[in-house]
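What the coordinates show
If you want the building blocks of each chain, they are given just below.
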Amino acid sequence: MGMTLTEKILSKKVGREVHPGEYIAMDVDLVYAHDGTAPLAIDVLKELGIDRVRNPSRIKFIIDHAAPAPHVEAAALHIQMREFASSNGIEIFDVGNGISHQVLPEKGLVKPGMVILGADSHTVTLGAFGSFATGVGSTDAAIAMAKGKTWLRIPESIAIKVDGRLRDCVMAKDVILEIIGYMKSDGANYIAMEFLGSTVEGMSIDSRMVLSNMSVEMGAKVGLVPADKKTLDWLKRRTSKPLKELRPDENADYQIVHEFKAEDIKPNLSLPSNVDRVKPVEDLEGAKVNEVFIGSCSGGRLEDFMQALRILRGNKVSQGVRCIAAPASREVYMKMLERGLAKDLAEAGCVIGPPTCGPCIGAHMGVLGPNEIALSTSTRNFVGRMGDPTSKVYLASPLTAAATAVRGQITDPGRFLL
Amino acid sequence: MIKGRAWKLGDDITTDHIIPGRLKYKVRTLEEMKKYVFHDVIPEFSERVRKGDVIIAGKNFGYGSSREHAARLLKLVGVGAVVAKSFARIFYRNSINVGLPAVEADIEAEDKDNVEIDLENGIVRNMTREIEVNFPPYPDLIMAIIREGGIESYYKRWGKFPWE
Ligand code: SF4
């Protein structure tokens, strides 16, 4: 039997053929942590009596969660990170650089075949570049920083095959919500998910990152997309390191293959307060919202704002709704400025925030008050995620977000585009 | 042997339920975060929980964020173990690392039932309802970490990690 992408990457790393169920210790190519998790990792290293990290060039810190600091407590954590980074020679992407999962690939630090640990569950986003990238807690990250290694159980792999052409008003976010609605929140627990099929091949890198990003909402250990010419072209603009395409074998041994038809997928919504409560937007049309957020490591890339502007341009954000747009990184922000997108968003009545997690995690910049309702392009809609425990969050694509912002109520983007 | 009262919870208890992200950033230390444990779902949990109490939950416990604070805080407020039908991957790893036993078992329980867990032999008992359920005991590597009370204590005692 042939090997899945996961098995190929891990076998190469370990230096022999590995199989699902085995426990292995292996080298880690990149470890990163942010202001939500790095401070605890620093505390763990101190507690263990380890005062030097093993290989600082393989460690990155990012200040993205509560950035810029909304209060003194967050500011103090940022100081702790800066001091540790500087005394250990670790590169730090400070306030304003953007969200870790967007910044690291943009800086050319990710390549196909790498093994990456991030102290953040959405580290799986980097699977879009054919790297085995998985989220861990602060302790596992700290140990990997100290030793350059980690242990894990080789996961079974499942394939998600999407074929065909997506409708014009349907985005990668709708595709992944369709998959999550079917697989449910634990449907891929401990499992490696690989996204295949003609629809995925046809997707931009921005779109592929959305698929990988939300694979963790099904419990997946990683969410991989094969690295093809498009992947390499995107990376070559950012690194001079040698790069190779990476695909699963034709006869790879997947535990199961789930097939989806692109034509059947409609604009989708995830209903409060669990990501796997998925329904077509048309079923919920008319529900009022107070806030629309276009941003995060899931919905704050250039393509997302370009799509949203197909509806927002020439329209206005409805009275009584605040529409917050926050780019996922400085690179995205710069392109928005260069291409006039920022101006168009502002003209439509959006508030443009800095590159930050901010509203996605209810840390600042768009926190929801009691009983408020938001529609967001971010990753999660758990109780209290974006603010008060009585507030509610719907998740949807940037197109649905734009249509909803203009109407002030949940609206199928097809109404503007078809 | 872990002994305590049961706290019954449902499916998909997320790390945001355990420690909401928005509150976690308001304070600096785990000690200060204690008061926010289960803030949005169980009022004053950290004051009402007693040492050794056991959470009995449904499927996919610890779903969501990688924040290890969730597992650490449960241990810190006195939770003796979490029994759930299944666990989310990162939470499971974190709980072992911090020495909070996470037990995959399906046992009937209501709030305040008396529960007992025998980790070495893989048995969880509901004494109040006289039910007993078996679960596969941890592999040696994980049991070694749990016996030491977490990976930090393991490292301090042995000078290496279990897989080294
Ligand atoms: S944008 Fe949201 S989901 Fe993404 S890393 Fe930040 S907090 Fe996490």
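Before going into details, it helps to say that this report is about the structure given with it. If you're wondering where the values come from, they're calculated on a predicted model, not measured in any experiment.

**Quick notes on the nonpolar core**
Ranked by size, the top nonpolar core spans 86 residues in total, and within it I55, F61, L74 and I117 of chain B carry the most contacts. Once you skip the residues sitting within four places of it in the chain, I55 of chain B turns out to touch W7, L9, F38, F45, F61, L74, V79, A81, V82 and V83 of chain B. Judged by nonpolar contacts, the second largest core, of 76 residues, contains V162, V200, A220 and L309 of chain A.

**A short note on the pattern of salt bridges**
Under the criterion given, the structure shown has 38 salt bridges over all chains. A salt bridge links R238 of chain A to E331 of chain A; the shortest N-O distance between them is 2.5 Å. Within this pair, whereas R238 of chain A is found in the loop between α9 (229-236) and β11 (256-261), its partner E331 of chain A is found in helix α12 (residues 330-338), the two being separated by 93 residues in sequence. R238 of chain A sits in the buried class, given a relative accessible area of 17%. In this structure, D12 of chain B engages K59 of chain B in a salt bridge whose closest nitrogen and oxygen atoms are separated by 3.3 Å.

**Considerations on the interface of chain B and chain A**
Taken residue by residue, the interface counts 40 residues in chain B and 56 residues in chain A. Both faces considered, chain B and chain A share a buried interface measuring about 4,200 Å² in area, 57% of it formed by carbon and sulfur atoms. The largest per-residue losses of area from chain B upon contact with chain A belong to Y25, R89 and W163 of chain B, which jointly make up 21% of the total buried on that side. The interface formed by chain B and chain A holds five salt bridges in total. Residue E47 of chain A pairs with K156 of chain B through a salt bridge whose shortest N-O separation is 2.3 Å. Inspection of the chain B/chain A interface yields 25 residue pairs in polar contact (both at pLDDT 80 or more). Elements supplying a minimum of two residues to the side of chain B that touches chain A: α1 (15-18), α2 (21-24), α5 (69-77), α6 (89-98) and α8 (151-158) of chain B. Ranked by residue count, the leading element in the side of chain B that touches chain A is α6 of chain B, at six residues. For the side of chain B that touches chain A, the per-class residue count stands at twelve nonpolar, eleven polar and 17 charged.

About the thresholds
Residues numbered from 1 in each chain as written. Chains lettered and ligands numbered in written order. Predicted model: local features only at pLDDT ≥ 70, side-chain atom pairs only at ≥ 80, totals over all residues. Heavy atoms only, no water. Core = buried A, V, L, I, M, F, W, Y, C linked by side-chain atoms within 4.5 Å. Buried < 20%, exposed > 50% of the residue type's maximum accessible area, 1.4 Å probe, protein only. Contact = heavy atoms within 4.5 Å. Salt bridge = Lys/Arg side-chain N within 4 Å of Asp/Glu carboxyl O. Helix = DSSP H or I, 4+ residues; strand = E, 2+ residues; numbered from the N terminus. Buried area = accessible area lost by both parts, 1.4 Å probe. Polar contact = N/O pair within 3.5 Å; in protein donor to acceptor, adjacent residues only side chain to side chain. Nonpolar A, V, L, I, M, F, W, Y, C, P; charged D, E, K, R; others polar.

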